[in-house]
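# Coordinate analysis (summary)
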There are 2 protein chains.
Amino acid sequence: MSDWYTELDSTLDQVWQLLGRATRDPKSPLRTPVMATVGADGHPDARVVVLRDAARSAGVLEVHTDRRSKKVKDLESCPLVTFCAWLPKADLQVRIKTIATVASGPDVLSLWQSMSEAARRVYGGVPAPGMLLAHPSEFGIRPDPADLARLRCDITEIETLHLGRELHRRARFRRDEDWVGSWRAP
Amino acid sequence: MSDWYTELDSTLDQVWQLLGRATRDPKSPLRTPVMATVGADGHPDARVVVLRDAARSAGVLEVHTDRRSKKVKDLESCPLVTFCAWLPKADLQVRIKTIATVASGPDVLSLWQSMSEAARRVYGGVPAPGMLLAHPSEFGIRPDPADLARLRCDITEIETLHLGRELHRRARFRRDEDWVGSWRAP
């Protein structure tokens with residue numbers, strides 16, 4: 001459907017198609033959205049993350065990270081997360097508000113066991129993420145399942161902005177409105 | 001300099017070169033970073049913006065927006081802003097923490113006068129950004145200098161993450177450390 005952006009239902013369908021594709025296609029720009037959090041100091045923070053799963057039925061996104069990273073600390077003081085990505089081929093900005101739950105330890109052991117050696121290398125570096133180094137070569141890789149964290153992000157709102165030639169279309173879909181959707185001024 | 005990422009000084013130089021280019025080159029991914037703020041409800045928010053100016057001597061970034069947009073409301077309760085962009089050609093993530101000051105009215109009249117008709121069309125839509133519409137075609141364009149806001153964002157910290165083949169290099173530069181820079185665990 002090439003004019004999916006003209007209706008609310010098809011706009012939401014398109015977002016979920018793009019999210020599904022993003023979890024499989026390394027080239028999708030929605031695979032690497034910016035994830036915004038709020039630090040314990042009240043400062044917003046933002047970094048690129050990799051989208052690992054997207055489940056429409058539950059309205060959930062999944063991200064994996066090092067348990068010792070600042071983003072996990074941010075979530076301890078404020079579990080609210082917003083994802084943002086620009087998809088040039090679709091002329092579409094997608095913004096997704098969520099509430100995150102952090103799982104680690106025994107809860108992610110089966111996830112760890114399902115991961116390749118290469119994938120595991122991202123978790124458990126020494127020293128911990130953000131710590132001072134005299135030189136980048138000092139950093140050591142010591143894969144450790146204790147440092148894997150899975151972020152389950154329950155979506156509360158999806159907002160799209162489609163930049164069309166004649167019209168810009170902004171739409172908002174909220175869980176507490178059963179994802180019905182409304183048009184908004186761009 | 002092709003190995004700019006191996007030294008702190010040249011990493012910071014590269015960031016400022018890329019920022020300068022971003023304000024002139026529509027194709028630069030750093031021209032359209034994600035801007036993260038905190039809403040009055042404490043929820044982080046994030047959207048793509050256009051970088052209009054970058055001044056190294058003052059350590060300032062500039063963004064223009066509609067004065068009635070949610071991001072301006074966010075800044076009234078919390079002036080802290082983080083920008084984030086991924087630059088594929090440089091294998092570089094840039095994250096910039098700032099404190100924003102909003103200017104509008106007489107303070108932006110000369111800016112308005114310097115703008116093209118096309119550029120002015122983005123400010124002053126009816127209804128205001130985010131307001132409910134029965135249909136996207138209801139939105140009206142009424143350029144109005146009263147709805148132009150200039151965000152002056154004073155940088156407090158620049159953080160880079162360069163993904164190299166053998167080493168990932170993360171560096172942090174802070175205004176209150178005179179931008180000297182330090183290596184960090186990625």
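Before reading on, note that the structure itself is shown above.
What comes next is a walk through the structure.

What follows covers the interface of chain A and chain B. Taken residue by residue, the interface counts 44 residues in chain A and 44 residues in chain B. Between chain A and chain B, the buried area comes to about 3600 Å², and carbon and sulfur atoms account for 64% of it. One can count four salt bridges joining chain A with chain B. Ionic pairing is found between Asp45 of chain A and Lys97 of chain B, a salt bridge with its closest N-O pair at 4.0 Å. Where chain A meets chain B, there are 18 residue pairs in polar contact (both at pLDDT 80 or more). Where the side of chain A that touches chain B is concerned, the elements lending two or more residues are strand E1 (34-38), strand E2 (44-48), strand E5 (80-87), strand E6 (92-103), strand E7 (132-133), strand E9 (168-174) and strand E10 (182-184) of chain A. For the side of chain A that touches chain B, a count of residues per class yields 24 nonpolar, 11 polar and nine charged. Note that E10 of chain A and strand E7 (residues 132-133) of chain B share two bridges and pair antiparallel. Counterpart to Arg184 of chain A in the pairing with E7 of chain B is Leu132 of chain B.

Another aspect to go through is the relation of the copies chain A and chain B. The operation relating chain A to chain B is a screw motion whose rotation component is 180°, with 0.0 Å of axial translation and a residual RMSD of 0.0 Å. The operation mapping one copy onto its partner corresponds to a two-fold rotation axis. Most of the interface of chain A is mirrored in chain B: 100% of its interface residues are interface residues there too.

Counting buried positions along E5 of chain A yields seven of eight residues, so the element is predominantly enclosed. A loop of four residues connects E5 of chain A with E6 of chain A, the two strands running antiparallel in sequence, and Asp91 of chain A in this loop sits at a positive phi of about 50°.

Here we come to the environment of Arg24 of chain B. Residues and elements named next belong to chain B. Topologically, Arg24 is positioned in the loop between helix H1 (8-22) and strand E1 (34-38). Its relative accessible area of 63% is what places Arg24 among the exposed residues. Here the alpha-carbon distance between Arg24 and Leu51, two residues 27 residues apart in the chain, equals 9.4 Å. Here the side chain of Arg24 touches Gly20 through a polar contact of 3.2 Å, landing on its backbone oxygen.

Time to look at the packing of aromatic side chains. Residues and elements named next belong to chain A. Summed over the entire model, instances satisfying the criterion amount to two aromatic pairs over all chains. Centre to centre, the rings of Trp4 and Tyr5 are 5.3 Å apart; their planes meet at 85°, and the pair counts as edge-to-face. Looking at Trp4, the relative accessible area reads 7%, which means it is buried. Exposure remark for Tyr5: the relative accessible area of 23% places this residue in the partly exposed category.

The next point concerns helix H2 (residues 70-77) of chain B. Residues and elements named next belong to chain B. Listed in full, the buried residues belonging to H2 are Lys71, Val72, Asp74 and Leu75. Looking down the long axis of H2, one finds its buried residues gathered within 155° of arc, a one-sided arrangement. Next to the buried residues of H2 lie E1, strand E2 (44-48), strand E4 (60-66), strand E5 (80-87), strand E6 (92-104) and strand E8 (148-163).

Moving on: the pattern of salt bridges. The full count for this structure, using the stated rule, is 36 salt bridges over all chains. With a shortest N-O distance of 3.0 Å, Arg56 of chain A and Asp13 of chain A are connected by a salt bridge. Taken together, the positions of Arg56 of chain A in the loop between strand E3 (51-55) and strand E4 (60-66) and Asp13 of chain A in helix H1 (residues 8-22) put the pair 43 residues apart, joining distant regions of the chain. Across the salt bridge formed by Asp74 of chain B and Lys70 of chain B, the nearest N and O atoms sit 3.0 Å from each other. Note that Asp74 of chain B and Lys70 of chain B are positioned in helix H2 at a spacing of four residues, about one turn of the helix. Through salt bridges with shared partners, a single ionic network connects Asp45, Arg47, Lys70 and Asp74 of chain A together with Arg95, Lys97, Glu157, Glu159, Arg170, Arg172, Arg174 and Asp176 of chain B.

What follows covers the environment of Pro136 of chain A. Locating Pro136 of chain A in the fold gives a position in the loop between E7 and strand E8 (148-163). Looking at Pro136 of chain A, the relative accessible area reads 3%, which means it is buried. Once residues lying within four places of it in the same chain are set aside, the contact partners of Pro136 of chain A are Leu167, His168, Arg169 and Trp183 of chain B.

For the rest of this paragraph, the subject is the environment of Ile96 of chain A. Residue and element names in this part refer to chain A. Here Ile96 shows up in strand E6. The spatial distance from the C-alpha of Ile96 to the C-alpha of Cys84 is 6.5 Å, given a sequence separation of 12 residues. Not counting the four nearest positions on each side in its chain, Ile96 is found in contact with Leu19, Leu61, Val81, Thr82, Phe83, Ile155, Glu157 and Ile158.

Looking now at the pairing of E2 of chain B. Put simply, side chains in a regular strand alternate between the two faces of the sheet. Residues and elements named next belong to chain B. Most of E2 sits out of view: four of its five residues are buried. As defined by bridge partners, E1 adjoins E2 across five bridges and the pair is classed as antiparallel. The partner of Val34 across the bridge, within E2, is Val48. In textbook terms, the turn of a hairpin is the stretch between consecutive antiparallel strands, and for E1 and E2 this stretch comprises five residues, one of which, Gly42, has a positive phi near 85°.

What counts and how
- Residues numbered from 1 in each chain as written.
- Chains lettered and ligands numbered in written order.
- Predicted model: local features only at pLDDT ≥ 70, side-chain atom pairs only at ≥ 80, totals over all residues.
- Heavy atoms only, no water.
- Contact = heavy atoms within 4.5 Å.
- Buried area = accessible area lost by both parts, 1.4 Å probe.
- Salt bridge = Lys/Arg side-chain N within 4 Å of Asp/Glu carboxyl O.
- Polar contact = N/O pair within 3.5 Å; in protein donor to acceptor, adjacent residues only side chain to side chain.
- Helix = DSSP H or I, 4+ residues; strand = E, 2+ residues; numbered from the N terminus.
- Nonpolar A, V, L, I, M, F, W, Y, C, P; charged D, E, K, R; others polar.
- Pairing = 2+ DSSP bridges.
- Least-squares fit on C-alpha atoms with pLDDT ≥ 70 in both.
- Buried < 20%, exposed > 50% of the residue type's maximum accessible area, 1.4 Å probe, protein only.
- Phe/Tyr/Trp six-rings, centres within 6.5 Å; stacked < 30°, edge-to-face > 60°.
- Arc of directions from axis to C-beta.

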